[in-house]
Amino acid sequence: MPAVSMVRAEAVHKNYGRLEVLRGIDLEVQPKEVMCMIGPSGSGKSTFLRCINHLEKIDAGRLSVDGELVGYRERGDRLYELPDREVCRKRSEIGMVFQHFNLFPHMTALENLIEAPIRVKKESRATAVTRARALLERVGLAEKVDAYPKQLSGGQQQRVAIARALAMQPKLMLFDEPTSALDPELVGEVLDVMRGLAKDGMTMIVVTHEMGFAREVGDSLVFMDSGAIVEKGDPRDVLANPQHERTQSFLSKVL
Amino acid sequence: MTEIASGPPAPGSQAGRRPEAIKAIPVRHPLRWVSAVIVLAFAADAVYTLATAPNMRWAVVGQYLFQRLILQGAVLTLELTVAAMVIGIALGIVLAVMRLSPNPVMSWVSWFYIWFFRGTPVLVQIFFWWNLAIILKNIGIGIAPNGPWLWHEATNSLIVPFTAATLGLGLNEAAYMAEIVRAGIISVEHGQTEAAQALGMSRLQVMQRIVLPQAMRVIIPPTGNETISMLKTTSLAFVATVPELYTRAQQISSSTFYVVEMLFVISIWYLFLTSILTIAQYYIERHFARGAQRELPPTPFQSFRRMLVTFHAPPPQVPLPVTAVRSEHR
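What you are looking at is a predicted structure, and each value in this text was computed from that prediction instead of being measured.

Asker: Where do I start with the sheet that holds strand 1 (residues 7-16) of chain A in this structure?
Answerer: Strand pairing in a sheet relies on backbone hydrogen bonds. The paired strands run either parallel or antiparallel. Residues and elements named next belong to chain A. The antiparallel open sheet is built from four strands, whose spatial order is 2-1-4-5. The open sheet terminates on both sides in strands that have one partner only, identified here as strand 2 (19-29) and strand 5 (68-69). Sheet contacts for helix 1 (residues 45-52): strand 1, strand 2 and strand 4 (60-65); angle to strand 2, the most-contacted strand, approximately 65 degrees.

Printed below as a string of structure tokens:
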């Protein structure tokens, strides 16, 4: 067992005004682990994911990635907010894939992939382009290098978006409902890419409604409801034999 | 299961054969012809009346159209337009970004600037800069209001007519451009900013590389409008004695009494210059449409051809050839 967890959350709280979105999340993700998060919409899954790369600030508790606190530095018993530069550097080590792809529409697939490596990691254009081409080939889109996002199908766009995140060589990948906006027949091609990633040992947290994927690929499964973790465990156990009544009623509706 | 085949028909089957293309007689549009005749009649009347107006000396219009002073005025008008718009756009972008900044000082300064410069007439602002020397003898950079100076210069030698007009027009324009740019920035979907931030890009990089290029599509049409408006507003530079088109026309007509003739001469020039700006705007818009549409919009020539075709016939079935970015299947 490695000494440092990739993600470690202790009593993480988050509220929007008086609305409590996260009410004490405790969990741990080990390197190379694939954790799937399921639950009804509004249960706080996406919010938790966005806290991990500091797109949202947490209000209480501790959240750390690879042994370092997210967004803060702790010295003595005091927390110091990190300057923007540090936040950016940490974000650059975490890949994120969004429900609506969020590809840059004014750039070709290749340009989408090389933008951050060149601007953020200061890589040479040649290095970035070589890796970008290899990644596009890996997600099966070698011939779409010069296509603009509008010219691609939803499934193709999401595969480019995954490749864009991988181009930064992240140590952790966050997937926020990556297949929810896709036509049913395009879901498979995106899941195939994610399956490949998991097999190669990428640490992944996947917010999803794809129970088949969770059962087959997930190492662990978390069921969330109204800002709290209701149940967690091995996906095959939880899905086949949910312990909690809330989990049972949710699964009976989606399975 | 029903009897109706749901899959593609087998080759050679009855259903697989493509039916004959429709050849129908198009709907006639007699009103289009009637209205065209009426409009032409009015236009012909207007041209005839002007052409035969007893005191209108058309030869004078022709004679002065390319006269040296008028040409110099046209060049100066164009220079003023460009200079003022460069200041306006550059400062406008800065003000818009400041306005949206999380730093309250930045946002407040920008708000105040826009409030002040939009709230006073541009004519007054040009006149103010032109008369700056009355209240300030010197302009400089120093430690305290009364020196010691790091650098200073007499106001009269700094604020020449062209500078006064450019400052007045440009600083005023910046206030309007700031709002146009802000509208453009707001129009870009928030997911774009998030995706860029998630990749580790800094606030400045996100703005410069991701948000502003996409905002351009919203920013350019009103900016073209502003540029065309500016071309004509430069005529206010006469209060700072800049010898641009309008000032030249005034000077010539006051010594020759060709008042209306000179108005025609400069109107022809203003129309000519705005036409060129309109065409330039079109091509800039096409450039920034990259990736926004699957096909680029037609060029003015292509749409003119299409208009001629559609005047008396239904729209063509097959779209006219468009020099497009490669449009892939979906």
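Asker: Looking at this structure, I do not really get the pairing of strand 4 of chain A. What am I missing?
Answerer: A regular strand places its side chains on the two faces of the sheet in alternate fashion. Residue and element names in this part refer to chain A. Summarising the sheet, strand 1 and strand 4 pair through five bridges and their orientation is antiparallel. By the bridge assignment, Ala9 is partnered in strand 4 with Leu63. Where strand 4 and strand 5 come together, two bridges link them in antiparallel fashion. Opposite Ser64, over in strand 5, you have Leu69 as the bridge partner. Where strand 4 folds back on strand 5, the antiparallel hairpin that results is connected by two residues, among which Asp66 adopts a positive phi of roughly 55 degrees.

Asker: In this structure, what is going on with a nonpolar patch on the surface? I would like to understand it.
Answerer: Where nonpolar side chains cluster on the molecular surface, the patch consists of Val105, Trp108, Val109, Trp111, Phe112, Trp115 and Phe116 of chain B and spans about 770 Å² of accessible area. The topology assignment puts Phe112 of chain B in helix 4 (residues 104-119).

Asker: Could you clarify how one ought to interpret the pattern of salt bridges in this entry?
Answerer: For side chains bearing opposite charge, pairing can occur when the charged atoms are close. With the rule as written, the count across this model stands at 26 salt bridges over all chains. In this structure, Lys171 of chain A engages Glu93 of chain A in a salt bridge whose closest nitrogen and oxygen atoms are separated by 3.1 Å. Of this pair, Lys171 of chain A sits in the loop between helix 5 (154-166) and strand 9 (172-176) while Glu93 of chain A sits in the loop between helix 2 (84-91) and strand 8 (94-97); the two residues are 78 residues apart in sequence, bridging distant segments of the chain. With relative accessibility at 27%, the residue Lys171 of chain A sits in the partly exposed group. One salt bridge connects Lys23 of chain B with Glu20 of chain B, and the closest N-O pair in it is separated by 3.8 Å. Overall, Glu20 of chain B belongs to the exposed group, its relative accessible area being 69%. Beyond isolated ion pairs, a larger network of salt bridges with shared partners links Asp66, Arg73, Glu86, Arg89, Glu93 and Lys171 of chain A.

Asker: Would you mind showing me how to read the nonpolar core here?
Answerer: Here is a general trend for soluble globular proteins: nonpolar side chains tend to be buried in one another's company. Counting 75 residues, the largest nonpolar core has Leu27, Phe48, Ile52, Leu63, Leu172 and Ile205 of chain A as its most contacted members. A total of eleven residues in this core trace back to one element, the largest contributor, which is helix 8 (residues 161-187) of chain B. Leaving out residues up to four positions away in the same chain, Leu172 of chain A has contacts with Met6, Val7, Ile52, Val65, Glu93, Ile94, Gly95, Met202, Thr203 and Ile205 of chain A. In this structure, Ile38, Val139, Val187 and Val238 of chain A belong to the second largest nonpolar core, which totals 50 residues.

Asker: For this particular structure, what's the right way to read the packing of aromatic side chains?
Answerer: Aromatic rings considered in pairs are described by the distance between their centres and by the relative angle of their planes. As enumerated under the stated definition, the model contains 14 aromatic pairs over all chains in all. Ring centres 5.8 Å apart and planes at 90 degrees place the aromatic pair Trp269 of chain B and Phe272 of chain B in the edge-to-face group. Here Phe272 of chain B and Trp269 of chain B lie together in helix 12 (residues 259-288), a separation of three residues that amounts to about one turn. What makes Trp269 of chain B buried here is its relative accessible area of 13%. For Phe272 of chain B, a relative accessible area of 43% puts it in the partly exposed group. Grouping aromatic residues by their ring pairs yields a cluster made of Trp108, Trp111, Phe112, Tyr113, Trp115, Phe116 and Phe117 of chain B. Against the face of Tyr80 of chain A rests Arg75 of chain A, its NZ or CZ located 5.3 Å from the ring centre. The ring of Phe104 of chain A is capped by Arg164 of chain A, whose NZ or CZ atom sits 4.5 Å from the centre of that ring.

Reading the values: rules and limits
Residues numbered from 1 in each chain as written. Chains lettered and ligands numbered in written order. Predicted model: local features only at pLDDT ≥ 70, side-chain atom pairs only at ≥ 80, totals over all residues. Heavy atoms only, no water. Pairing = 2+ DSSP bridges. Helix = DSSP H or I, 4+ residues; strand = E, 2+ residues; numbered from the N terminus. Contact = heavy atoms within 4.5 Å. Axes fitted to C-alpha atoms, helices over the stretch in contact; angles between N-to-C directions. Patch = residues over 30% accessible without salt bridge, like charges linked within 9 Å, V, L, I, M, F, W, Y side chains within 5 Å. Areas by Shrake-Rupley, 256 points an atom, 1.4 Å probe, with all protein chains shown as cover. Salt bridge = Lys/Arg side-chain N within 4 Å of Asp/Glu carboxyl O. Buried < 20%, exposed > 50% of the residue type's maximum accessible area, 1.4 Å probe, protein only. Core = buried A, V, L, I, M, F, W, Y, C linked by side-chain atoms within 4.5 Å. Phe/Tyr/Trp six-rings, centres within 6.5 Å; stacked < 30°, edge-to-face > 60°. Lys NZ or Arg CZ within 6 Å of the ring centre and 35° of its normal.

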